[in-house]
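# Secondary and tertiary structure notes
Listed below, chain by chain, are the residues.
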Amino acid sequence: MCAWKLDSDSRQISFSERPLVGIDLVATEPVEGATILQGDIRDKAMQTKIRELCPNRFDLILSDMAPNTTGVHHADTANSADLVSLVLDLCSEWLKPGGSMVAKVFEGSEYQALHKRAKSLFDFAKSVNPEASLSRSREVYLVGQGYRGHDEKKSDKADKLTTPMQKR
Ligand SMILES: C[S@@+](CC[C@H](N)C(=O)[O-])C[C@H]1O[C@@H](n2cnc3c(N)ncnc32)[C@H](O)[C@@H]1O
């Protein structure tokens, strides 16, 4: 998604610039003006497609992704952390310098490392617990603002490395 604003009367988010791109494993309701892909964000071909849909990079990356829960707390938090770690990786390909990122995480032992990493990538990073989430789960939103951008030389090297996520 490239730009958005929240209408204070209707509480609706409207997007003033295009493209607005979404992805989900499952079929979702259409959203006016948005391109919604059905697929796995871990799939390199999907990542390339999203990059092609917004070659000038996004202003904002929002992730509400959550793994299917197993009931085993540490497995669920680890799977959630893997998704958020991938979102942080993808900032180097998709997010404009100065851009923002919000990602939902199941809070577990992995959370501090994700938060620390977000702090290194953004000028400002914090955790937000929306009131609506508090009673039903231990989910938290990791918010990063002011993406510092990425060093092309370093990211070229990183592209050649296989991330732990991809080894699984
Ligand atoms: C909590 S739901 C949020 C759905 C959406 N925000 C909504 O309000 O309808 C989490 C979503 O993450 C999606 N998801 C989980 N893993 C994914 C992956 N690897 N790639 C793309 N979507 C994924 C699931 O299919 C699920 O629909």
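All figures in this text were calculated on a predicted structure; none of them were measured in a lab. (Residues numbered from 1 in each chain as written. Predicted model: local features only at pLDDT ≥ 70, side-chain atom pairs only at ≥ 80, totals over all residues.)

### Quick word on the overall build of the chain
In terms of helices and strands, the chain carries 6 helices and 8 strands. Considering the chain as a whole, with its 168 residues, one finds that 17% of them fall into the buried category. Of the contacts formed within the chain by residues at least 6 apart in sequence, a portion of 58% connects residues at least 24 apart. (Helix = DSSP H or I, 4+ residues; strand = E, 2+ residues; numbered from the N terminus. Buried ≥ 20, exposed ≤ 12 C-beta atoms within 10 Å, placed from the backbone. Contact = placed C-beta atoms within 7 Å.)

### Section: the site of the ligand
All residues adjacent to the ligand are Ile-23, Asp-24, Leu-25, Val-26, Asp-40, Ile-41, Arg-42, Asp-64, Met-65, Ala-66, Pro-67 and Leu-83. Of the residues that constitute the shell around the ligand, the class distribution is 8 nonpolar, no polar and 4 charged. (Near = placed C-beta within 6 Å. Nonpolar A, V, L, I, M, F, W, Y, C, P; charged D, E, K, R; others polar.)

### With respect to the sheet that holds strand S6 (residues 95-106)
Across the sheet, which stays open at both edges, the 4 strands sit in the order S5-S6-S8-S7 with mixed pairing between neighbours. Only two strands of the sheet have a single neighbouring strand rather than two, namely strand S5 (58-63) and strand S7 (122-128). Ignoring which end each strand starts from, the neighbouring axes of this sheet average 10 degrees apart. Where S6 and strand S8 (residues 139-147) come together, 7 bridges link them in antiparallel fashion. Counted as the bridge partner of Phe-106 is Glu-139 from S8. Running at roughly 175 degrees to S6, helix H2 (residues 73-94) makes contact with S5, S6 and S8 of the sheet. (Pairing = 2+ DSSP bridges. Axes fitted to C-alpha atoms, helices over the stretch in contact; angles between N-to-C directions.)

### Topic: H2
In an α-helix, one full turn covers 3.6 residues, which means residues spaced three or four apart are oriented alike. Compared with the 32 Å implied by 1.5 Å per residue over 22 residues, the 31 Å span of H2 between its first and last C-alpha is a close match. Residues of H2 that are buried: Thr-77, Ser-80, Ala-81, Val-84, Val-87, Leu-88, Cys-91 and Trp-94. Buried residues along H2 sit in contact with helix H1 (44-53), S5, S6, helix H3 (111-121) and S8. (Expected span 1.5 Å × (residues − 1).)

### Overview of the confidence of the model for the chain
Summarising the model, the chain shows a mean pLDDT of 83, and 75% of its residues fall at 70 or more. Between the elements of the chain, mean pLDDT differs from a low of 41, seen in helix H6 (residues 164-167), to a high of 97, seen in H3. The low-confidence segment residues 1-6 (pLDDT under 50) makes 25 contacts with residues lying over four places distant or belonging to another chain. Within the model, pLDDT remains below 50 along residues 155-168, and this stretch shows 8 contacts once partners closer than five positions in the same chain are excluded. (pLDDT = per-residue confidence, 0-100.)

### As for the nonpolar core
In this structure, Ile-61, Val-84, Cys-91, Leu-95, Val-105 and Leu-142 are the most contacted members of the largest nonpolar core, which totals 21 residues. Counting residues per element, the ones that place at least two in this core are S5, H2, S6, H3 and S8. Top contributing element to this core by residue count: H2, with 6 residues. Sequence-distant contacts of Ile-61, that is, excluding residues within four places in its chain, are made with Val-87, Cys-91, Trp-94, Leu-95 and Met-101. (Core = buried A, V, L, I, M, F, W, Y, C linked by C-beta atoms within 7 Å.)

### Considering the packing of H2 against H3
It is at 11 Å that the axes of H2 and H3 come closest, and there the two elements cross at 10 degrees. On the basis of the axis angle, H2 is roughly parallel to H3. On the side of H2, the interface is formed by Ala-81, Val-84, Ser-85, Leu-88 and Cys-91, while H3 contributes Leu-114, Arg-117, Ala-118 and Leu-121. Within the contact of H2 with H3, the residues separate by chemical class into 7 nonpolar, 1 polar and 1 charged. (Parallel < 35°, antiparallel > 145°, perpendicular 65-115°, else oblique.)

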